[in-house]
Number of protein chains: 2
Amino acid sequence: MGVLRTALLMGIFLWVSLLANGLNLWPMPASVGYGSGILYLSNNFQLRTEGSKYSDDSRILSDAFLRMVDLVRVAHVIDGIVPSSGVLDGLHVRIFSEDDKLNFGTDESYKLSIPASGKETYAQIEAQTVYGALHALETFSQLCYFNFTSKIIELHSAPWKIIDQPRFPYRGLMIDTSRHYLPLAAIKKVIDTMSYVKLNVLHWHIVDEDSFPLEMPSYPNLWNGAYSYSERYTTADALEIVLYAQRRGINVLAEIDVPGHARSWGLGYPSLWPSFDCREPLDVSNEFTFQVLDGILSDFSKVFKFKFVHLGGDEVNTSCWTATPHIKNWLKKKGLNESDAYRYFVLRAQKIASSHGYEFINWEETFNDFGKQLNPKTVVHNWLGRGVAEKVVDAGLRCIVSNQDKWYLDHLDSTWESFYLNEPLENISKPEQQKLVLGGEVCMWGETVDASDIEQTIWPRAAAAAERLWTPTWKLATDPKLVAPRLAHFRCLLNKRGVAAAPLFAPGRGTPPFTGSCIQQ
Amino acid sequence: MGVLRTALLMGIFLWVSLLANGLNLWPMPASVGYGSGILYLSNNFQLRTEGSKYSDDSRILSDAFLRMVDLVRVAHVIDGIVPSSGVLDGLHVRIFSEDDKLNFGTDESYKLSIPASGKETYAQIEAQTVYGALHALETFSQLCYFNFTSKIIELHSAPWKIIDQPRFPYRGLMIDTSRHYLPLAAIKKVIDTMSYVKLNVLHWHIVDEDSFPLEMPSYPNLWNGAYSYSERYTTADALEIVLYAQRRGINVLAEIDVPGHARSWGLGYPSLWPSFDCREPLDVSNEFTFQVLDGILSDFSKVFKFKFVHLGGDEVNTSCWTATPHIKNWLKKKGLNESDAYRYFVLRAQKIASSHGYEFINWEETFNDFGKQLNPKTVVHNWLGRGVAEKVVDAGLRCIVSNQDKWYLDHLDSTWESFYLNEPLENISKPEQQKLVLGGEVCMWGETVDASDIEQTIWPRAAAAAERLWTPTWKLATDPKLVAPRLAHFRCLLNKRGVAAAPLFAPGRGTPPFTGSCIQQ
């Protein structure tokens, strides 16, 4: 370590990086203006809400404010003396909607104005909904720095004027609790961190062939498909996750993947298998299959209030259907081939979901195989590759982009740069078609991920995608090198907040290759 | 997944594992008796302290009780109805010492008695000190299970009678904040988890050649050796860590490693380097070197109240001394060769530490090179290999065992089994010599470890060593296979508590190799 480098880093590092990169916010807001003043955070930082139509009876705002203050103070003991002038006493939050329902399309915009030194003593937040205000709190927290000389929290470059809103209404991250069980603590930590990067949909791939961890009151034996006695979620646990997420502005999209990826269902109800020797897809010929699906979606509707449910539909290998005599006979009687039967299953599942008030999302195979027969309200979830979204919106359907070559977090060779550069609107130029792309989602499949490695596999790569989904196109860097210092800064911020975000300059889930500073790894 | 296996796992798994392994406590207490009753934890679980001499003015006990209740409830929503009989209403804790000072040798013993169903409604804890009582709380928490049918917390196999105390008074874990900075949140999480496995010394290797992250009021420029502006600890941060640890029964052993491993000091005070071209060991010929060391140890003594300080002394390559003219001249004038000068440095550092009220620990090279000249109060810290402790105690000195082949956590090929089997008293049979082995320590050197991977690199392997250090020899398994299910259970418990403990059946820091249940990986 050279003396020169150290001298550079010490004291002036902060300013150098501010000057070099504009500012250290992640994701970058739509519009940012700032000055050159310094403010000092009061040790008794307050929340004011006069003029707000939102009552905060549920304490979503005031709890988020307390969490934000904790985050600002998490890295160091704040025991310096705050000067008598230039002090910021708190935040004045005005929210124009009384409603605190969170769902697809909820307004997430906000304005954050921080005064210049010596003027007003409160920063101003304005938002249509409390969820916009939560984003403003997160942005505010990222403007705060600990000063190692004065031992207080400072806010540089005041005054600030930030006007912000998301580019896409759907900004998702998928977790998979079937391949490995994820304890509540791990899921909550993912949700916390999603809120730091302004992602707003936790796609919960609850069940798959490997295990069925969630209690289903309508068909309680489904729970027998759990890995073990303790690797299970009660209905109340699921509701706890939904409410925990909602209080952080995050919707929970529940998935029940049918008819493939459902082998674990048969551990509780073996008649759902085509046979003991051939266990998936679910038996399409058995009315009981659809009764169980109806029960599951009925149970879902009491817990998962998001507008959408995910019905899966991917990777359906129908060979068990034709290999099983009673199903083969049923197909013959109905005059269906395997492909017809797959379509029949998916469309019937969609009808059941509709009957429980859901709109639905299906993986792209359903579109690729029988797109024209899909319910026009279907949202097609791309995963196989690029170039699908343009076909989907051409067909007039809505789309979510998760092309696996770039946005699958279990692809450890996919770098943060490729997460950053993946553009959901590639080759889609007509505004009315662009609107059909609801957004995108990064997927954390669970084959090699459990509570021990999920954080460093997700972060910071998912943060890179989060900026792609939040920030206006014209503000996104075409060369990721330009945002690397800002993302490195943010990765270190996550570490300070207790999130095990991995080094940038390593493959996914990479460990530090050698000694060194957080901001250079 | 077979139906048979699932049937086995579901419902009866808990009992099978209890029957197979005795019980699922980690580390195993010295004496455990239990029955076959079931108790139900009250939803209003209380702490009583009548008859306790300890006042708990500092709330060490009551805060620990609240944390324990949170841990018991962390994994699931507890919303079932507690039966009217067989309810455990709380813990009655009696502590016989008023004193809550924590230091080397503090009594950590405890007795925990849990009544049979239908008798008294409080479990009883007796301990000499509040720190023994904290261990009892942890043991109690590990006896609690969530019942997925009743949705309440149960305590099986009542009545319980547990009498427990540690085998060794020093049970350490080392962290290294020089190779990578560790944010406060990461250090606190390590401390939390240490308390779960009853380790009691956090050895903080604060400074090394790579960076100097800690504020030193006596010589403030030392802080210039930090990696960056933000990768630093204030004095108040260090005190926060000490107090946080103390409230969990954990001492903090501070290390300042001299005269080698100190290159970063010179970034603030270049005259501490032999020369700009040859930067370590510290300049032995310069009185300023010892003034700075005196300042550091003076600053230490205001923050680190543990009886011991660690003075390092390992891997001293003296070639810079002989290659630097002014030091070469000094050696000549003093009539010292390089090896004499190394000894001179170490012994002078010991005297300075003594003058600040410390006893001291040195890495084993000091013993290997000039053991007979060492202050007889020196504690020798073994690391190079096995067989050192027997020589140290033969010489009448005290020893801490950390042989790198088994107890270095950065050796990723060292399995949990080898951590478990490493015996500090190997070849030491005389009781008076055994007493000189204060205990052992696992070391988490930081070359490839930062906030993103420290937890899964430490756990569960450090837990395996913790049982070796806590549990009486005769209760330790000679074949690790016998404790593997119990450790696997504990690893999953850590995951539920939010600790990223890695799978057992992988190398250190290994990720799950494939889909599966936590308890089988």
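Predicted, not measured: the structure shown is a model, and the values here were computed from it. (Residues numbered from 1 in each chain as written. Chains lettered and ligands numbered in written order. Predicted model: local features only at pLDDT ≥ 70, side-chain atom pairs only at ≥ 80, totals over all residues. Heavy atoms only, no water.)

Looking now at the interface of chain A and chain B. Across the boundary between the two partners, chain A contributes 72 residues, which contact 72 residues of chain B. Between chain A and chain B, a total of about 5,700 Å² is buried, with carbon and sulfur atoms accounting for 60% of that surface. Taken together, the connections running from chain A to chain B amount to four salt bridges. Here Lys151(A) and Glu215(B) are joined by a salt bridge, their closest N and O atoms 2.5 Å apart. Connecting chain A to chain B are 24 residue pairs in polar contact (both at pLDDT 80 or more). Considering each element in turn, the side of chain A that touches chain B owes the most residues, four residues, to helix H1 (residues 3–9) of chain A. Counted by class, the side of chain A that touches chain B contains 33 nonpolar, 21 polar and 18 charged residues. (Contact = heavy atoms within 4.5 Å. Buried area = accessible area lost by both parts, 1.4 Å probe. Salt bridge = Lys/Arg side-chain N within 4 Å of Asp/Glu carboxyl O. Polar contact = N/O pair within 3.5 Å; in protein donor to acceptor, adjacent residues only side chain to side chain. Helix = DSSP H or I, 4+ residues; strand = E, 2+ residues; numbered from the N terminus. Nonpolar A, V, L, I, M, F, W, Y, C, P; charged D, E, K, R; others polar.)

Let us look at the UniProt feature "active site" (unreviewed entry) in chain A. Residue and element names in this part refer to chain A. The positions that UniProt labels "active site" (unreviewed entry) are, in the present scheme, Glu315. On the basis of relative accessible area, Glu315 is assigned to the partly exposed category, the value being 45%. Leaving out residues up to four positions away in the same chain, Glu315 has contacts with His261, Glu365 and Trp383. A polar contact is formed between the side chain of Glu315 and the side chain of His261, at a distance of 2.8 Å. (UniProt positions renumbered as here; feature names shortened; annotations may be inferred. Buried < 20%, exposed > 50% of the residue type's maximum accessible area, 1.4 Å probe, protein only.)

Once that is clear, we can look at helix H4 (residues 130–142) of chain B. Given a rise of 1.5 Å per residue, 13 residues ought to cover 18 Å, and the 19 Å separating the end C-alpha atoms of H4(B) matches this to within 8%. Counted residue by residue, H4(B) has 13 buried out of 13 residues, so it is predominantly covered. (Expected span 1.5 Å × (residues − 1).)

Residues and elements named next belong to chain A. If you look at the biggest cluster of nonpolar residues, it comprises 109 residues, and the most contacted ones within it are Leu173, Leu202, Trp265, Phe300, Phe304 and Trp459. Looking at this core element by element, the count peaks at eight residues for helix H7 (residues 287–303). Apart from the residues within four sequence positions on either side, Leu173 is in contact with Val190, Met194, Leu199, Val201, Leu202, His203, Glu441, Val442, Ile458, Trp459 and Ala462. (Core = buried A, V, L, I, M, F, W, Y, C linked by side-chain atoms within 4.5 Å.)

With that settled, the discussion passes to the relation of the copies chain A and chain B. Of the transformation placing chain A onto chain B, the axial shift is 0.0 Å and the rotation is 180 degrees, giving an RMSD of 0.0 Å. Classification of the inter-copy transformation places it as that of a two-fold axis. Across chain A, the smallest distance between a C-alpha and the rotation axis is recorded for Asp453(A), namely 4.2 Å. Both copies present the same face, since 100% of the interface residues in chain A are matched by interface residues at the equivalent positions in chain B. (Least-squares fit on C-alpha atoms with pLDDT ≥ 70 in both.)

Attention now goes to the packing of H7(A) against helix H10 (residues 338–355) of chain A. The description of two helices packed together rests on the angle between their axes and the distance between the axes. Residue and element names in this part refer to chain A. Interhelical geometry of H7 versus H10 gives an angle of 35 degrees and a closest axis separation of 9 Å. At the point where H7 passes H10, the crossing takes the right-handed sense. Residues Glu287, Thr289, Phe290, Leu293, Asp294 and Leu297 of H7 lie in contact with H10, whose contacting residues are Tyr344, Phe345, Arg348, Ala349, Ile352, Ala353 and Ser355. Residue composition of the contact of H7 with H10, grouped by class: eight nonpolar, two polar and three charged. (Axes fitted to C-alpha atoms, helices over the stretch in contact; angles between N-to-C directions. Left-handed = near helix turned anticlockwise from the far one by under 90°.)

Before going further, it helps to examine the packing of helix H5 (residues 184–196) of chain A against helix H6 (residues 235–246) of chain A. Residue and element names in this part refer to chain A. Taken N-terminus to C-terminus, the directions of H5 and H6 make an angle of 20 degrees; their axes are 10 Å apart at the nearest point. On the basis of their axis angle, the class for H5 and H6 is roughly parallel. Read as a crossing pair, H5 and H6 show a hand that is right-handed. Residues Leu184, Ile187, Lys188, Ile191 and Asp192 of H5 lie in contact with H6, whose contacting residues are Asp237, Glu240, Ile241, Tyr244 and Ala245. (Parallel < 35°, antiparallel > 145°, perpendicular 65-115°, else oblique.)

All names here are of chain A. Mapped onto the elements of the fold, Ser97 is located in the loop between strand S2 (87–95) and strand S3 (110–114). Separated by 223 residues in the primary sequence, Ser97 and Cys320 place their C-alpha atoms 53 Å from one another. In this structure, Ser97 is in contact with Tyr54, Gln128 and Thr129, ignoring residues within four places of it in sequence. Side-chain polar atoms of Ser97 contact the backbone nitrogen of Asp99, separated by 3.1 Å.

The next thing to look at is the packing of aromatic side chains. Aromatic ring pairs are described here by two measures, namely the spacing of the ring centres and the angle between the planes. As enumerated under the stated definition, the model contains 52 aromatic pairs over all chains in all. Ring geometry for Tyr408(A) against Trp445(A): centres 6.1 Å apart, planes inclined by 55 degrees, an arrangement best described as tilted. Placement of the pair is Tyr408(A) in the loop between helix H13 (404–407) and helix H14 (416–421) and Trp445(A) in the loop between strand S14 (437–444) and helix H16 (454–458), with a sequence separation of 37 residues. Assessed through its relative accessible area of 5%, Tyr408(A) is described here as buried. The exposure class assigned to Trp445(A) is buried, which follows from its relative accessible area of 8%. A ring pair is formed by Tyr269(B) and Phe288(B), whose centres lie 5.7 Å apart and whose planes are at 65 degrees; its orientation type is edge-to-face. Taken as a pair, Tyr269(B) in the loop between strand S9 (251–255) and helix H7 (287–303) and Phe288(B) in helix H7 lie far apart in primary sequence, 19 residues in all. Ring pairs connect the aromatic residues Tyr181(A), Trp204(A), Tyr233(A), Phe300(A) and Phe304(A), which therefore count as one cluster. The residue whose ring lies beneath Arg348(B) is Phe290(B), and the NZ or CZ to ring-centre distance is 4.1 Å. (Phe/Tyr/Trp six-rings, centres within 6.5 Å; stacked < 30°, edge-to-face > 60°. Lys NZ or Arg CZ within 6 Å of the ring centre and 35° of its normal.)

Residues and elements named next belong to chain A. Summarising the element assignment, Gln433 is placed in helix H15 (residues 431–434). What makes Gln433 buried here is its relative accessible area of 13%. Residues in contact with Gln433, not counting those within four places in the same chain, are Val393, Asp394 and Ile428.

Glancing now at the state of the cysteines. Linking two cysteines covalently through their sulfur atoms gives a disulfide. One pass over the full model with this rule turns up four disulfides over all chains. A sulfur-sulfur separation of 2.2 Å characterises the disulfide bridge that pairs Cys492(A) with Cys518(A). Across the S-S bond of Cys492(A) and Cys518(A) the torsion is about -115 degrees, and the bridge reads as left-handed. With Cys492(A) in helix H18 (residues 484–496) and Cys518(A) in the segment after H18, this residue pair connects regions lying 26 residues apart in the sequence. Judged on exposure class, the residue Cys492(A) and its partner Cys518(A) are both buried. Here the cysteine-cysteine linkages of chain A are recorded as 1-2, 3-4, numbering only bonded cysteines and doing so in sequence order. You can see Cys399(B) has no disulfide; the closest cysteine sulfur is in Cys443(B), sitting 12 Å from it. Relative accessible area serves as the criterion here: at 0%, Cys399(B) is assigned to the buried category. (Disulfide = S-S within 2.5 Å.)

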